[in-house]
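Chain by chain, the residues:
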Amino acid sequence: MNRIEFFFKILGAVICLLFISKPEIHLMVEWTLVAVILLTVGIPHGAIDHLLTNPQLERRSFTRFLIHYLLLIAVYSILWYMAPIPALAAFLLMSAYHFGQSHFLAQNQPNHTAWAVYGLRGGYFLAAILCGDLEATQEILAPILEFELSPVSRLLLVAGFGFISGISQLVFGPKFTAIQALELLVLGPTLYFSPLLVGFVVYFGFWHSLPSMLVEYSYLKNLPFCNSLGKFSLQLLPFSVISVIGMGILLSVGTRFLTGQELILMFFVIISLISFPHILYMDKFLKEKNQN
Ligand SMILES: CC1=C(/C=C/C(C)=C/C=C/C(C)=C/C=C/C=C(C)/C=C/C=C(C)/C=C/C2=C(C)CCCC2(C)C)C(C)(C)CCC1
């Protein structure tokens, strides 16, 4: 594991432990953490999908890429509008796969079983984040979905996911690394006991976005316009800024009509919209460049 990645994963674990041991930490600190991680790695890691498709895109192919990207966002927005529960289910399933994928960035995985191994691994960590602070998850989802889960069943659900995820890797590969075993045994419970947004943003930032961004950098760093960290960061900027401005406008319109919890749901819906094309492009990129 890269030293930068290692440092931020340790930092992430420390942040979670701090919030677990001092639940009275002010909500403002939690939101600042969310904002900092999203703005520095969360949003930018998806903002160079065009370069991953083809670093030397000509004008025509770039326009085709943009239209395709925006069409996918539009189709998924319609699904959210017409059928929010299936849209949510699709979001959870694709997030599980996408998050799981980033636990295997350095390993080759035979294609026909990869979806199960990735989906179960990401599903385990997502389940730990969502079930660990179920009250907060329920509050956010309340405008579209009401559900109950007893404390025992949530624990069984998360443990079951973790167990099947471990078994699936033992059966289908790739070979377990010490880090992966540690993540299954230590990261899962840590996320389970963390407050919802802290667990989510730490995992999303340091276990998904940062490692993905490092893979993107190592792919692009031989090209003249990306051959230093400064130039790479410049490439991340345009679409990150456009996305942040777009999200800001939508959320500030939302503040006029929506309650606090509804706004948080709206925020996740917006994230799901930009994540849909990103997940497809990233999957293609990783399969071609990294994972066979
Ligand atoms: C390129 C481009 C662009 C940009 C892009 C970007 C910037 C992207 C990004 C991307 C991204 C940034 C992605 C992300 C992803 C994420 C995810 C995948 C997530 C998931 C999550 C979840 C799953 C959640 C869950 C939950 C919680 C946590 C709580 C509450 C409840 C719920 C369930 C919601 C634009 C559009 C401008 C234009 C065109 C081109």
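Conventions used here
Residues numbered from 1 in each chain as written. Predicted model: local features only at pLDDT ≥ 70, side-chain atom pairs only at ≥ 80, totals over all residues. Heavy atoms only, no water. Helix = DSSP H or I, 4+ residues; strand = E, 2+ residues; numbered from the N terminus. Rg over C-alpha atoms; globule rule 2.2 N^0.38 Å. Buried < 20%, exposed > 50% of the residue type's maximum accessible area, 1.4 Å probe, protein only. Contact = heavy atoms within 4.5 Å. Axes fitted to C-alpha atoms, helices over the stretch in contact; angles between N-to-C directions. Left-handed = near helix turned anticlockwise from the far one by under 90°. Nonpolar A, V, L, I, M, F, W, Y, C, P; charged D, E, K, R; others polar. Salt bridge = Lys/Arg side-chain N within 4 Å of Asp/Glu carboxyl O. Polar contact = N/O pair within 3.5 Å; in protein donor to acceptor, adjacent residues only side chain to side chain. UniProt positions renumbered as here; feature names shortened; annotations may be inferred. Phe/Tyr/Trp six-rings, centres within 6.5 Å; stacked < 30°, edge-to-face > 60°. Near = heavy atom within 4 Å. Areas by Shrake-Rupley, 256 points an atom, 1.4 Å probe, with all protein chains shown as cover.

Undergrad: Please explain the overall build of the protein as it appears in this structure.
TA: Counting its regular elements, the protein contains twelve helices and zero strands. Secondary structure elements in the protein, listed N-terminal to C-terminal, are α-α-α-α-α-α-α-α-α-α-α-α. Relative to a compact globule of 292 residues, whose C-alpha radius of gyration would be 19 Å, the protein shows 19 Å and is just as compact. C-alpha atoms of the protein, sized along the principal axes, occupy 55 × 50 × 35 Å. Scored against the burial criterion, the 292 residues of the protein give a buried share of 47%. Taking as baseline every contact in the protein between residues at least 6 positions apart, the subset at least 24 positions apart corresponds to 73%.

Undergrad: Explain the packing of helix α10 (residues 196-220) against helix α12 (residues 260-289) here, please?
TA: Close contact between α10 and α12 brings their axes to 13 Å; oriented N to C, the two are set at 35°. Taken as a pair, α10 and α12 cross one another with a handedness that is left-handed. For the pair formed by α10 and α12, the contact residues are Leu197, Phe200, Ser212, Val215, Glu216 and Tyr219 on the first element and Phe268, Met282, Phe285, Leu286 and Lys289 on the second. Here the residues of the contact of α10 with α12 are counted per class, giving eight nonpolar, one polar and two charged.

Undergrad: Looking at this structure, I do not really get the pattern of salt bridges. What am I missing?
TA: When their charged atoms lie close together, side chains carrying opposite charge are able to pair. Under the criterion given, the structure shown has five salt bridges. A salt bridge links Arg154 to Glu135; its shortest N-O distance comes to 3.2 Å. Separated by 19 residues along the polypeptide, Arg154 in helix α8 (residues 151-172) and Glu135 in helix α7 (residues 134-141) bring together distant segments of the chain. According to the relative accessible area criterion, Arg154 is buried, its value standing at 11%.

Undergrad: I'm lost on the side chain of His45 in this one. Help?
TA: Turning to its location among the elements, His45 is positioned in the loop between α2 (27-42) and α3 (49-53). What makes His45 buried here is its relative accessible area of 3%. In this structure the side chain of His45 is engaged in a polar contact, spanning 3.0 Å, whose partner is the side chain of His278. When sequence neighbours within four positions are dropped, the list of residues in contact with His45 reads His98, Phe204, His208, Ser209, Ser212, Met213, Glu216 and His278.

Undergrad: What exactly am I supposed to notice about the UniProt feature "transmembrane region" (unreviewed entry) in the protein here?
TA: Under the local residue numbering, the UniProt record ascribes the feature "transmembrane region" (unreviewed entry) to residues 7-25, 31-48, 69-94, 155-172, 192-215, 236-257 and 263-282. Taken end to end, residues 69-94 is 96% helix and 0% strand, and its first and last C-alpha atoms sit 16 Å apart. Across residues 155-172 one finds 100% helix and 0% strand; the C-alpha atoms that close the span lie 26 Å apart.

Undergrad: Explain the packing of aromatic side chains here, please?
TA: If you walk through the whole model with that rule in mind, you get 21 aromatic pairs. Taking the centre distance of 5.7 Å and the plane angle of 20° together, the rings of Tyr69 and Tyr281 count as stacked. In this pair, Tyr69 is assigned in helix α4 (residues 59-82) and Tyr281 in helix α12, connecting sequence segments 212 residues apart. By the burial criterion, Tyr69 is buried, and Tyr281 matches it. In textbook terms, an aromatic cluster arises when at least three aromatic residues are bridged by ring pairs, as seen for Phe99, Tyr124, Phe125, Phe200, Tyr203, Phe204, Phe267 and Phe268.

Undergrad: Is there a simple way to think about the site of the ligand in this case?
TA: Close to the ligand lie 28 residues, the nearest being Gly42, Phe91, Phe200, Ser243 and Ser275. Calculation on the ligand without its partners gives an accessible area of 960 Å², and the protein chains cover 97% of this total. Counting residues per element, the ones that place at least two in the shell around the ligand are α4, α5 (84-101), α6 (111-132), α7, α10, α11 (229-257) and α12. By residue number, the principal contributor to the shell around the ligand is α12, which donates five residues.

Undergrad: Mind showing me how you'd approach the environment of Phe65 here?
TA: The topology assignment puts Phe65 in helix α4. Sequence separation between Phe65 and Thr53 is twelve residues, and the spatial gap between their C-alpha atoms is 8.6 Å.

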